[in-house]
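An overview of the molecular structure
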Amino acid sequence: MSEAFDDRRKALEEEYIRRKDQEGLDKLRAEMAAEAAEAAAPKCPRCATVLTEVEHEGLKLERCSNCHGVWLDAGELDQLTKREEGGWFKWLSGE
């Protein structure tokens, strides 16, 4: 009878260890995925802060939350200058 209890205790310990190992692996994978996403995110050329994407008049622009620089992809400046004059400059200044 004692042997059955020992076997049961060992099985429960092994299950607990497996569960804790799996939780640790899941946490490590989540951290690695977050680091990979941050590494892949565009960074500000001026201060290396991760840029956030903002939408303005249908265009998606990248803006730095640290130095407040706005960075444009190819062709976006042409699209912005074709719109009403001064409208997007006013938006960038925060007015």
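Above this text you will find the structure in question.
Here we summarise the structure given alongside this text. (Residues numbered from 1 in each chain as written. Predicted model: local features only at pLDDT ≥ 70, side-chain atom pairs only at ≥ 80, totals over all residues. Heavy atoms only, no water.)

1. Points about the overall build of the protein chain
Across its full length, the protein chain carries three helices and three strands. Across the 95 residues that make up the protein chain, the buried fraction comes to 13%. For the protein chain, long-range pairs separated by at least 24 residues make up 17% of all intrachain contacts whose partners lie at least 6 apart in sequence. Carbon together with sulfur atoms contributes 53% to the accessible area of the protein chain, which is approximately 7700 Å² in total. (Helix = DSSP H or I, 4+ residues; strand = E, 2+ residues; numbered from the N terminus. Buried < 20%, exposed > 50% of the residue type's maximum accessible area, 1.4 Å probe, protein only. Contact = heavy atoms within 4.5 Å. Areas by Shrake-Rupley, 256 points an atom, 1.4 Å probe, with all protein chains shown as cover.)

2. A few points about the pattern of salt bridges
Scanning all chains against the criterion turns up five salt bridges. Here arginine 9 ties to glutamate 13 by a salt bridge, and the two come within 3.0 Å at their closest N and O atoms. A residue pair is termed a helical-turn pair when its members lie 3 or 4 positions apart in one helix, as arginine 9 and glutamate 13 do in helix α1 (residues 2-40) at four residues. For glutamate 13, a relative accessible area of 39% puts it in the partly exposed group. The partner of aspartate 26 in a salt bridge is arginine 29, and the shortest N-O contact between them spans 3.8 Å. Here aspartate 26 pairs with arginine 29, and both are found in helix α1, just three residues apart, close to one helical turn. Looking at arginine 29, the relative accessible area reads 51%, which means it is exposed. Through salt bridges with shared partners, a single network forms among Glu14, Glu15 and Arg18. (Salt bridge = Lys/Arg side-chain N within 4 Å of Asp/Glu carboxyl O.)

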